[in-house]
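Below, each chain spelled out in residue letters.
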Amino acid sequence: MEDCIFCQIAARKIPSKMVYEDDALFAFEDINPKAPVHILLIPKAHHASLNEVPDSESGLLGRLLMAARKIAGDKGIAAQGYRIVLNTARDSGQDVFHIHFHLLGGRRMTWPPG
Ligand code: AMP
Ligand code: ZN
């Protein structure tokens, strides 16, 4: 997906502050952080949103969550807590149509979300 900004970030064609990478995943700091810790986790493969992830790729979702847990530990916020957000399609406010988990932490979150 040559016109996808997150594909280009995963391919390092656009710079980012990378915090984690493996064969299938890439994680980097959000450019407009909403909390002291705000990391985006993406699969290197392009899927526009959760709605487009095929059943055969469900393992990718578990890997993204486990990577988010690891990063939360590395950032020192595992015990105090953190929030993982997966915006999906219009009503959620999804802006970038390459599936991504937000890992947010380092401050007290409120509920319900806006
Ligand atoms: P969403 O609204 O769930 O689609 O979130 C998209 C997120 O991507 C927002 O939090 C943006 O701040 C973030 N974002 C957009 N472009 C970049 C970029 N080039 N590097 C890092 N984060 C970005
Ligand atoms: Zn993409």
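From a predicted model like this one, the values you see are computed outputs, not experimental measurements.

Caption draft 1: Molecular detail of unusual backbone geometry. Backbone torsion omega between Trp111 and Pro112 reads 5°, so that peptide bond is classified as cis. Structurally, Pro112 is set in the segment after β5 (101–105). Phi is positive for Arg12, close to 60°, though the residue is something other than glycine. Within the secondary structure layout, Arg12 lies in the loop between α1 (5–10) and β1 (18–21). Unusually for a residue other than glycine, Ala89 sits at a positive phi of about 70°. In this fold, Ala89 is placed in the loop between β4 (82–85) and β5. Since its relative accessible area comes to 26%, Ala89 is described here as partly exposed.

Caption draft 2: View of the coordination of the zinc ion (ligand 2). All of the protein donors around the zinc ion (ligand 2) are Cys4 (SG), Cys7 (SG), His46 (ND1) and His98 (ND1); their distances to the metal are 2.0 to 2.3 Å. Each of the four donor atoms around the zinc ion (ligand 2) contributes to a set of angles spanning 106 to 117°, which defines the coordination as tetrahedral. For the zinc ion (ligand 2), the single-chain donor residues occur in sequence as C-x2-C-x38-H-x51-H. Taken together, the residues Cys4 in the segment before α1 and His46 in the loop between β3 (37–43) and α2 (58–74) connect sequence positions 42 residues apart.

Caption draft 3: Main features of the pairing of β1. Relative to strand β2 (residues 25–29), β1 is paired through three bridges, and the arrangement is antiparallel. Looking at β2, one finds that Glu21 is bridged to Phe26. Taken together, β1 and the strand that follows it, β2, pair antiparallel across an intervening segment of three residues.

Procedures and definitions
- Residues numbered from 1 in each chain as written.
- Chains lettered and ligands numbered in written order.
- Predicted model: local features only at pLDDT ≥ 70, side-chain atom pairs only at ≥ 80, totals over all residues.
- Heavy atoms only, no water.
- Helix = DSSP H or I, 4+ residues; strand = E, 2+ residues; numbered from the N terminus.
- Buried < 20%, exposed > 50% of the residue type's maximum accessible area, 1.4 Å probe, protein only.
- Donors = N, O, S within 2.8 Å, 3.2 Å for Na, K, Ca; no water.
- Tetrahedral: all angles 85-135°; square planar, octahedral: opposite > 155°, others 65-115°.
- Pairing = 2+ DSSP bridges.

Don't take any of this as a statement about function, it's just geometry.
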